[in-house]
Amino acid sequence: MNRVFSPSVLLLVLMLAQPRVGAAAPSLLGPEVAPSRSARLLSTSSEASPDDLPVVGMEDVKHTGQVLAEVGLGAVGGAVGLAAGYAVGLGLFYTLCGPSDIEACFTTGVVTTLLGGALGVSGGVSLGGALVGRQGHWLSGGLPGALVGGAAGVGLGLALTEHGDSRFTMLLLAPPLMLLGAVIGHEISHAALLEEQRLQPVVSVTPRGATFGLAGRF
């Protein structure tokens, strides 16, 4: 018995028998869809997008430069202060001290030298900070930090010197600790001042009257 196929069935059989035609046929889903995220992740391309590259924070670089400026001018100021304090102590030694007061005068000379160094270090750090835009205060930041560092140097000098004169050890340890304390104190003062500036009272005068509020940045 012969079977007669309709023309539509024959056309369908011919299309299925030619895979190239089927592959070239347009998709019923519309335009081509972009590859999925998983396909992009599996890509073997080794080229990285500029957005994926690490970027150096300019704020960190700027902050490091500001601290280095404080340290540099603090060291210069400390050297000047130590020399001035030593000169004061030397003047007191030759003008006021007698043969029986030599030990006390030596101690006075060490004290004046360290005080001069603290003033010079804190002043240099504060000046360096002001030149690079830092807002720390000398009286509430750099000077107290330098004095604390100097006191730590004196304490270490007393603790480390079992025999001999501890005053020489103090003069070696105190200046770098004063510089470190001045920088830390100045930075703490700068951060506290910025925190105070986050909120400020605001007064606005309008035809309906005055209004009060707070303005800040977060």
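Everything in this summary refers to the structure shown in the same document. Starting from 1, residues in each chain are numbered consecutively following that chain's sequence as written. For a predicted model such as this one, the threshold for reporting local features is a pLDDT of at least 70, and the threshold for listing and counting side-chain atom pairs is 80 or more; totals across whole chains, interfaces and linings nevertheless cover every residue. Note that the side-chain values use all heavy atoms of the structure and ignore hydrogens as well as water.

1. Looking at the overall build of the protein
Every helix listed is a DSSP run of H or I at least four residues long, and every strand listed is a run of E at least two residues long, numbered separately from the N terminus. Helix and strand counts for the protein stand at seven helices and two strands. Listed by position from the N terminus, the elements making up the protein come as α-α-α-α-α-α-α-β-β. When accessible area is computed with a 1.4 Å probe and restricted to protein chains, residues below 20% of their type maximum are described as buried, those above 50% as exposed, and intermediate ones as partly exposed. Counting over 218 residues, the protein shows a buried share of 25%. Put simply, of all contacts in the protein between residues at least 6 apart along the chain, 68% involve residues at least 24 apart. By element, 69% of the accessible surface of the protein is carried by carbon and sulfur atoms, the whole surface being about 15,800 Å². Note on contacts: a residue pair qualifies if any of its non-hydrogen atoms lie within 4.5 Å across the two residues. For the area figures, the Shrake-Rupley method with a 1.4 Å probe applies, and any residue is considered shielded solely by the protein chains shown.

2. Concerning the nonpolar core
Considering soluble globular proteins, one finds that nonpolar side chains tend to be buried as a cluster. Counting eleven residues, the largest nonpolar core consists of Val110, Leu114, Ala118, Val121, Val125, Ala146, Ala174, Met178, Leu179, Ala182 and Val183. Looking at this core, the elements with two or more residues in it are helix H5 (102–131) and helix H7 (166–196). What we call a nonpolar core is a set of buried Ala, Val, Leu, Ile, Met, Phe, Trp, Tyr and Cys residues that are connected through their side-chain atoms within 4.5 Å.

3. Comments concerning the packing of helix H4 (residues 58–96) against H5
For the pair H4 and H5, interaxial distance at closest approach is 6 Å and the crossing angle is 155°. Overall, the two elements H4 and H5 adopt an arrangement that is roughly antiparallel. Here the hand of the crossing between H4 and H5 comes out right-handed. Note on residue classes: Ala, Val, Leu, Ile, Met, Phe, Trp, Tyr, Cys and Pro are nonpolar, Asp, Glu, Lys and Arg are charged, and everything else, Gly too, is polar. When its residues are assigned to classes, the contact of H4 with H5 shows 13 nonpolar, 16 polar and one charged. Think of each axis as a best-fit line through the C-alpha atoms, taken over the contacting stretch in the case of a helix, with angles from 0 to 180 degrees between the N-to-C directions. Our angle categories are set so that under 35 degrees counts as roughly parallel, over 145 as roughly antiparallel, 65 to 115 as roughly perpendicular, and the remainder as oblique. The hand of a helix crossing depends on one turn: near helix anticlockwise from the far one by less than a right angle means left-handed, and clockwise means right-handed.

4. Points about the environment of Gly85
Tracing the backbone shows Gly85 in helix H4. Separated by 26 residues in sequence, Gly85 and Val111 have C-alpha atoms that sit 8.2 Å apart. Contacts of Gly85, omitting those with residues within four sequence positions, involve Thr112, Thr113 and Gly116.

5. Looking at the state of the cysteines
The disulfide criterion is simple: two cysteine sulfur atoms within 2.5 Å. Applying the stated criterion across every chain, the model contains one disulfide. Across the disulfide from Cys97 sits Cys105; the S-S distance is 1.3 Å. An S-S torsion of about -105° defines the bridge between Cys97 and Cys105 as left-handed. Using a relative accessible area of 10% as the deciding quantity, one classes Cys105 as buried.

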